[in-house]
Protein chains: 8
Amino acid sequence: MKFANVDLERLKRQGAAETIFGEGKSSEQIVRIAKTLVEAGQEPVLVTRINEEKAKAIKAAFSKKFAYFPEGRIGRIGKKKSPDGIGKIVVVTAGTSDIPVAQEAIVTAESLGNEVLAIFDVGVAGLHRLLARLDDLRSASAIIAVAGMEGALASVIGGLVACPVVAVPTSVGYGASFGGIAALLSMLNSCAAGVSVVNIDNGFGAGILASRINHAGMKGK
Amino acid sequence: MKFANVDLERLKRQGAAETIFGEGKSSEQIVRIAKTLVEAGQEPVLVTRINEEKAKAIKAAFSKKFAYFPEGRIGRIGKKKSPDGIGKIVVVTAGTSDIPVAQEAIVTAESLGNEVLAIFDVGVAGLHRLLARLDDLRSASAIIAVAGMEGALASVIGGLVACPVVAVPTSVGYGASFGGIAALLSMLNSCAAGVSVVNIDNGFGAGILASRINHAGMKGK
Amino acid sequence: MKFANVDLERLKRQGAAETIFGEGKSSEQIVRIAKTLVEAGQEPVLVTRINEEKAKAIKAAFSKKFAYFPEGRIGRIGKKKSPDGIGKIVVVTAGTSDIPVAQEAIVTAESLGNEVLAIFDVGVAGLHRLLARLDDLRSASAIIAVAGMEGALASVIGGLVACPVVAVPTSVGYGASFGGIAALLSMLNSCAAGVSVVNIDNGFGAGILASRINHAGMKGK
Amino acid sequence: MKFANVDLERLKRQGAAETIFGEGKSSEQIVRIAKTLVEAGQEPVLVTRINEEKAKAIKAAFSKKFAYFPEGRIGRIGKKKSPDGIGKIVVVTAGTSDIPVAQEAIVTAESLGNEVLAIFDVGVAGLHRLLARLDDLRSASAIIAVAGMEGALASVIGGLVACPVVAVPTSVGYGASFGGIAALLSMLNSCAAGVSVVNIDNGFGAGILASRINHAGMKGK
Amino acid sequence: MKFANVDLERLKRQGAAETIFGEGKSSEQIVRIAKTLVEAGQEPVLVTRINEEKAKAIKAAFSKKFAYFPEGRIGRIGKKKSPDGIGKIVVVTAGTSDIPVAQEAIVTAESLGNEVLAIFDVGVAGLHRLLARLDDLRSASAIIAVAGMEGALASVIGGLVACPVVAVPTSVGYGASFGGIAALLSMLNSCAAGVSVVNIDNGFGAGILASRINHAGMKGK
Amino acid sequence: MKFANVDLERLKRQGAAETIFGEGKSSEQIVRIAKTLVEAGQEPVLVTRINEEKAKAIKAAFSKKFAYFPEGRIGRIGKKKSPDGIGKIVVVTAGTSDIPVAQEAIVTAESLGNEVLAIFDVGVAGLHRLLARLDDLRSASAIIAVAGMEGALASVIGGLVACPVVAVPTSVGYGASFGGIAALLSMLNSCAAGVSVVNIDNGFGAGILASRINHAGMKGK
Amino acid sequence: MKFANVDLERLKRQGAAETIFGEGKSSEQIVRIAKTLVEAGQEPVLVTRINEEKAKAIKAAFSKKFAYFPEGRIGRIGKKKSPDGIGKIVVVTAGTSDIPVAQEAIVTAESLGNEVLAIFDVGVAGLHRLLARLDDLRSASAIIAVAGMEGALASVIGGLVACPVVAVPTSVGYGASFGGIAALLSMLNSCAAGVSVVNIDNGFGAGILASRINHAGMKGK
Amino acid sequence: MKFANVDLERLKRQGAAETIFGEGKSSEQIVRIAKTLVEAGQEPVLVTRINEEKAKAIKAAFSKKFAYFPEGRIGRIGKKKSPDGIGKIVVVTAGTSDIPVAQEAIVTAESLGNEVLAIFDVGVAGLHRLLARLDDLRSASAIIAVAGMEGALASVIGGLVACPVVAVPTSVGYGASFGGIAALLSMLNSCAAGVSVVNIDNGFGAGILASRINHAGMKGK
């Protein structure tokens, strides 16, 4: 397979198999890489940023073994692991439009052995909605805060909890949101401590990071 | 006076005299412009962005008529007007370092006939500090929200009140705050309605705008 | 409704119901959120950034209660409020291409109980067109200035009137207008006082802010 | 104390006292805030971004209780907590010039009850230096990767370990490093999973976040 | 002279001698280059961006032949040419702080044989000041419009006159003026035709260009 | 016509009728504006940035009076004026892909009474091609230099001639050309004097400016 | 051929014929330029950035003489030269998605008389894959490193080898990769010496440069 | 030496010792690192970006072994190698102000065993100066083109020669040169093939790269 050089040691080295970034790869390429991973026992295998068409091609190849989550454009080959982390990961979004990015994070985290609680549409324009969920927020071992526009959600949560907050800026917005830059900068400059940031719309990255935090100190998670 | 073309109609046209932007002008230039304004009966005259040295020169020329406010680097020649607005202007800062910009706004608003209430250091990293002042916030006819770093304060206040919120991004911060760009973008993309933005560190502009809002419908304010 | 967390206190808290941002939401989601708001007595409900197709779906659900304004891609469920503000809001555009953004502002302001006067295509390249409307401009309690390209309109109006000016940069232009950045920066740096800025193409935000200014001091506007 | 609104609940709420950001505050302001915190039993108190002069003023006020770390321009009032975390935090720098930022992270993490191992000057231009420390890297429960210029260190470490990697871009570099933007973007786009990013030169933020990861699941850390 | 390769054909080829850009050159280098030019009969020689110290060194070398204009930080060796252009160049500034850039343009244009009329401090915040000079503006064969902040002056003048307008953005302003970027973009996007732009603070470039326009069709101007 | 406020004085005031910017206007709007201009005797009328479809609609309304130039996406209603300028305008492009922008400039300049000479594809990668046309370049009263990518053409021509050079950056290029920013910055920083710049892809603006230069000193050109 | 000014001396002057940049040129234009080159004996002729449709048109004109490489969207008219360089060019990609850019480089280099070795998908997230090819890397006389996202590959290779490394940033990535800017800045700031950079996605430029390096000191290569 | 991890294998691995980047390192740190390198036989050792004061400290430690080149702020410990490359490296600058960057490149290249020819102040504003040196340019095995402002020099040279051109953008310029960004983008978008780019002001990087090109195919250069 000249076009790919699959990393078959990753499950052992890092506690999770290589994830297939589906964008810019053909269905055939994805299936061939996935087969290589599955044959090497690297399950579950996540495939991110795939449309319905690519999902169908993978379904054809792996049948029931494959589950597709259309909102988050993510699929999984093989079973998700049973939750074995320290505690719970809470995924919060500012608005309804941020849910696709959140779902990518949720599927990722659940696949890697984490209990996940989702809280959607609690942006700071109506602060009481967020404050009503304070107990849930404080029950987390890691929080993923997903927000576009001005991204203030991350700072507000960061000031309320004691666990690490993984902030995910989204490209939701228009004009001077510049495709997520406003939220990204906002989150990088958070006045609250304990907040770190991943790439714009990178729900997958947030999910894997939160999983590592939720497995801190455990070997190979 | 070849170097300046003083606008002697502004008090009548816009309800406030021309303000002297002190940066990039010599003490002598400032004094000469100020005299022209005072002689034309355009008091009070504000002078912004002046250091101690320029303040001394103006003091020498106008004596007791001149008051200097060093933290905000702003001075006023002549008396402030008695409050005659619709209600109260509330000026809020996220942190201690934002106070100089806030003071520029406060002196401006007070000079133009407004009652002003100041609330400092209530950034969103400790949300209870802000929520404790909710009654004060809701008593305003206009709020000036001054914040650097991620500027989340403006959105949070915007979601809590029914009056116009004038957001002032400040250059407080470092790294990816880019001298106030992060706060500026954050405020422009506020998910809360009723928020508008002035230039970075532009306390003066916020003060004059809040004054106009607080005098809405009154002639020439 | 897991995907949304409707803010049913907003009418009481802020004098206007939650507005539904239609972009990135499905027709079904919009209708469900709208029904929740209407059932809670939060009329009128504005829905912004919707195309003809989404407008049809809302029409199907609310029938005569719903009015759609295609140029501004905005709709309203329920009647607009009778004008009860301090004075009049004047909405000005620099060119013909800025009208869609202006219409979003106009529908928003009219829905919230404001008398609105529209003046289109009076950009500074033909200054006499603007100066011919000086009396109208000076009759406003708030002005919304909508302009793309270099956005000079906001500064010129700002120098002519005594009321607050809400500047809306638009994405009209090409090349170094960078999708509205040139106009945005121009407006943020206005040499005229009393000008504040909202996000690029944010007619809705300008409308709600002008309405708040036009109701300054009135409870819950 | 009108200029500050000290958050005296933070130790209880978030497991660490409010940290004093020393930049833009006077020595007197710092000392007064610090005293308020110490009197409320919120030790240890960290003071970041202070020069020698401010350090002397704090020393004068707190005497032996205060320790200053000049390279990282950070000080601590009160004793550091005994290590009580899950494991060890490893702090890695790409070059010698990145050490000041690393030291801010180290002092922060050590103060909050963490064992810290420092590995300096192992940038990717001489990869064998990094690979020689692979066992140390793999012994961490969290890694802080500090790098300027192109910031490749974070990605390379991210590919080698299974624990969370907190990447800190530094302003080390010149020309197209744009004060740390190059490293920041590089880290945000890391091809390795498990990497998140804090603000440029934000050693403090990295330290507190790594501490929270290293105390994942423990109450109030 | 290894460090410089003086262009001794420029007077003949382009109607004006090579100008010495003084920034980043030592006094000695400037004097040596100037001597080479003068000896080759290339007078008058302009030297731009020089401080008092460098001006003194040039004075020492050329004595009465040299005139220094401190506000514009520009000097001239040799006599200015008698006006021999088509008409008059009008140089306009928005504010007092833009005068140094204007002066660089004025000295340049006058040296190259142009009649120049200066109009200062007529920015659009007080439009009547500009309109009062309409006859002067319309008497020009070329106009140089010098403005910082939002740079609206160029568009407004562009709409009033029929001659070419050379727009010079200045670095006057703060915050989101970004050292002249706001004015630069504003001028590039001017809605008025007939406006072109030179680099930020480039009074020299504007002067030479206006001179060429004012000598259009004449050989070697 | 509520949507437009046609400037019927422009021909008299500025020597050329208002040009209709076709982008963002419907065919019907364009035709109505054009009719207003034609009825007021403001011919010729230029219509820029129109596609084939809009061109057809204008053709239907004005028949033979209308000429369309598809490469430059520009049309003219009415006859072009006879050349009556000082000399000749030379339009130069760096590459074949820059020709559409050049054609917009050529049609504009020819319509306004200028003789135009076009020289295409003489970019600096093959310098002999440009040098072979030196006599033509030096015969111009104004040169329009059209180039994308690095835009070096403007500087090279600027160093060879004595007339004003109007530089037009184009969006030709990819990657770090950023849609014309690279060429724009290059041209603004030209080391050759006498070069000024218009907006990216703004052939029309260059044409009208060159025409004004070529009519310098003539009334109302 | 008015639209193009073919450089028929380039083969002699620079050792390779003019390459036809296919983007923005019609099939007919490409064929006509190609014929001019072929008739002048300037083979082989490369045509870059062409889609299937344009490739067909060229095939129709040149039949067997033309070879098309669809992944790299590049074609060649005439035979590739026999390898006559100093050594071998090694082309490395970080991921599968970078292969199209790499192929453009490979076809270019092979056409110009170079032996090329391709190594794909050896990004730094799985460092062992790269280290496994160290001998191959060290056998090169020039290396082309092709990477998107954070572009760390160039620095890591730069630290391992002694030959020149030509870094090609690609637009592979999303969010804060900003279409290749992140990789571009990363490569420009490489901490490893011996690395230089070409434009984003510019495989052709890298290929020709590597060929020149591989023919260093040979006449006209 | 905890602060540094000197790479003692670099001479063997890459044909040149580790260079000490002097900025941000103390004199003491520099001397200690240098001694480690010298003791390991890694001469000559280059030290870049050092001021007079640091140069004195190194002189004190290494005496005659150390040579300092103040204009380029670079020093060398040990003898330069005898020229043993394929041919000659030609270093060209656009202006006098670019010489310091050029000197850094020259000292670097000469130290590593290259014959270097310097050609200064031949920018494109006076093209005949460059064309007069065409034979010298064509005699090079590699050319280093150093230019600020619009950086057109690199493209023009790139079109004239057949060898690799290493372009070095400099921070010379003002306004929209943005500290070298204009030249950087210009060089990255060069329409001439065979040009690659290093970081702004990175004379050292250009020198080492040119040396590698000039030793292409030789072991460990």
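Structural notes, computed from the coordinates.

## Brief notes about the interface of chain H and chain G
(1) Moving on: Contacts between the two partners involve 32 residues from chain H, matched on the other side by 31 residues from chain G.
(2) Moving on: Overall, the association of chain H and chain G removes approximately 2500 Å² of surface from exposure, summing both partners, and the carbon and sulfur fraction of that is 58%.
(3) Moving on: The interface formed by chain H and chain G holds zero salt bridges in total.
(4) Moving on: Our count for the contact surface shared by chain H and chain G stands at 14 residue pairs in polar contact (both at pLDDT 80 or more).
(5) Moving on: Listing elements by their share of the side of chain H that touches chain G, those giving two or more residues are helix H1 (10-14), helix H7 (152-160), helix H8 (181-188), strand S9 (195-197) and helix H9 (203-214) of chain H.
(6) Moving on: It is H9 of chain H that provides the largest number of residues to the side of chain H that touches chain G, a total of five residues.
(7) Moving on: In terms of residue class, the side of chain H that touches chain G is built from 17 nonpolar, ten polar and five charged.

## Here's the deal with the relation of the copies chain E and chain B
(1) Moving on: Mapping chain E onto chain B calls for a rotation angle of 90 degrees and an axial translation of 0.0 Å; the resulting RMSD is 0.0 Å. Overall, the copies show the geometry of a four-fold rotation axis. In terms of proximity to the rotation axis, the leading residue of chain E is Phe178 of chain E, whose C-alpha is 7.4 Å off the axis.

## Observations regarding the pairing of strand S3 (residues 66-69) of chain D
Residues and elements named next belong to chain D.
(1) Moving on: In this structure, S3 lies alongside strand S4 (residues 74-77), joined through four bridges in antiparallel fashion. Paired with Tyr68 across the strands is Gly75, a residue of S4.
(2) Moving on: Remark: four residues form the turn of the hairpin made by S3 and S4, two consecutive strands paired antiparallel; Arg73 in that turn has positive phi of roughly 50 degrees.

## Some details on the arrangement of the chains
(1) Moving on: When C-alpha atoms are compared, chain B and chain F, though not in contact, are closest at a spacing of 21 Å.
(2) Moving on: There is a clear gap between chain B and chain G: no contact, and 13 Å between their nearest C-alpha atoms.

## Brief notes about the packing of helix H8 (residues 181-188) of chain A against helix H8 (residues 181-188) of chain B
(1) Moving on: Running from amino to carboxyl end, H8 of chain A crosses H8 of chain B at an angle of 125 degrees, the nearest separation of the two axes being 8 Å. As judged from the angle between their axes, H8 of chain A and H8 of chain B are oblique. Once H8 of chain A is placed against H8 of chain B, the crossing between them reads as left-handed. From H8 of chain A, Ile181, Ala182, Leu185 and Ser186 of chain A reach across to H8 of chain B, where they touch Ile181, Ala182, Leu185 and Ser186 of chain B.
(2) Moving on: Residues belonging to the contact of H8 of chain A with H8 of chain B are distributed by class as follows: six nonpolar, two polar and no charged.

## Quick word on the relation of the copies chain H and chain G
(1) Moving on: Placing chain H over chain G gives an RMSD of 0.0 Å and needs a rotation angle of 180 degrees, together with 0.0 Å of translation along the axis. On the angle and the small slide along the axis, the relation comes out as a two-fold axis. Judged by C-alpha distance, Val197 of chain H is the residue of chain H that lies nearest the rotation axis, at 2.5 Å.
(2) Moving on: When the interface residues of chain H are mapped onto chain G, 97% of them again fall at the interface, so both copies present the same face.

## Describing the interface of chain E and chain B
(1) Moving on: At the interface, 17 residues of chain E touch 22 residues of chain B.
(2) Moving on: Between chain E and chain B, a total of about 1500 Å² is buried, with carbon and sulfur atoms accounting for 52% of that surface.
(3) Moving on: At the surface where chain E touches chain B, the tally comes to zero salt bridges.
(4) Moving on: The interface formed by chain E and chain B includes eight residue pairs in polar contact (both at pLDDT 80 or more).
(5) Moving on: Class assignment of the residues belonging to the side of chain E that touches chain B gives a composition of nine nonpolar, six polar and two charged.

## Let's talk about the pattern of salt bridges
It is possible for side chains of opposite charge to pair when their charged atoms get near one another.
(1) Moving on: Across all of its chains, the model carries 48 salt bridges over all chains by this definition.
(2) Moving on: Lys65 of chain E serves as the salt-bridge partner of Glu43 of chain E, at 2.8 Å between the closest nitrogen and oxygen. Taken together, the residues Glu43 of chain E in the loop between helix H2 (27-39) and strand S2 (45-48) and Lys65 of chain E in the loop between helix H3 (52-62) and strand S3 (66-69) connect sequence positions 22 residues apart.
(3) Moving on: In this structure Glu43 of chain E comes out as partly exposed when scored by relative accessible area, which is 29%.
(4) Moving on: Within the structure, one salt-bridge network assembled from shared partners comprises Asp7, Arg10 and Arg13 of chain A.

## Comments concerning the layout of surface pockets
Gaps between atoms show up when a probe of the same size as a water molecule is rolled over them.
(1) Moving on: Its volume calculated, the largest pocket comes out at about 1900 Å³.
(2) Moving on: Around the largest pocket sit 35 residues that line it, and Ile181 of chain C, Ile181 of chain E, Ile181 of chain F, Ile181 of chain G together with Ile181 of chain H are the ones nearest its centre.
(3) Moving on: When contributions to the lining of the largest pocket are tallied by element, the ones reaching two or more residues are H8 of chain A, H8 of chain B, helix H8 (181-188) of chain C, helix H8 (181-188) of chain D, helix H8 (181-188) of chain E, helix H8 (181-188) of chain F, helix H8 (181-188) of chain G together with H8 of chain H.
(4) Moving on: Residues that form the lining of the largest pocket fall into these classes: 35 nonpolar, no polar and no charged.

## What to know about the pairing of strand S5 (residues 88-93) of chain B
Residue and element names in this part refer to chain B.
(1) Moving on: Burial runs high along S5: six of the six residues are buried.
(2) Moving on: Residue alternation in S5 divides its side chains into two sets, Lys88, Val90 and Val92 and Ile89, Val91 and Thr93, and both sets are buried.
(3) Moving on: For S5 and strand S6 (residues 115-119), the ladder comprises five bridges, and the chain directions are parallel. Across the sheet, Val92 pairs through a bridge with Ile119, a residue of S6.
(4) Moving on: This β-α-β element, S5 to helix H4 (residues 99-111) to S6, shows right-handed connectivity.

Rules of the game
Residues numbered from 1 in each chain as written. Chains lettered and ligands numbered in written order. Predicted model: local features only at pLDDT ≥ 70, side-chain atom pairs only at ≥ 80, totals over all residues. Heavy atoms only, no water. Contact = heavy atoms within 4.5 Å. Buried area = accessible area lost by both parts, 1.4 Å probe. Salt bridge = Lys/Arg side-chain N within 4 Å of Asp/Glu carboxyl O. Polar contact = N/O pair within 3.5 Å; in protein donor to acceptor, adjacent residues only side chain to side chain. Helix = DSSP H or I, 4+ residues; strand = E, 2+ residues; numbered from the N terminus. Nonpolar A, V, L, I, M, F, W, Y, C, P; charged D, E, K, R; others polar. Least-squares fit on C-alpha atoms with pLDDT ≥ 70 in both. Pairing = 2+ DSSP bridges. Axes fitted to C-alpha atoms, helices over the stretch in contact; angles between N-to-C directions. Parallel < 35°, antiparallel > 145°, perpendicular 65-115°, else oblique. Left-handed = near helix turned anticlockwise from the far one by under 90°. Buried < 20%, exposed > 50% of the residue type's maximum accessible area, 1.4 Å probe, protein only. 1 Å grid on protein atoms, 1.4 Å probe; cavity = no way out; pocket = protein on both sides within 12 Å on 5 of 7 lines; lining within 4 Å. Points joined across faces, edges and corners; volume = space filled by probe spheres on them. Right-handed = clockwise from strand over helix to strand, strands pointing away.

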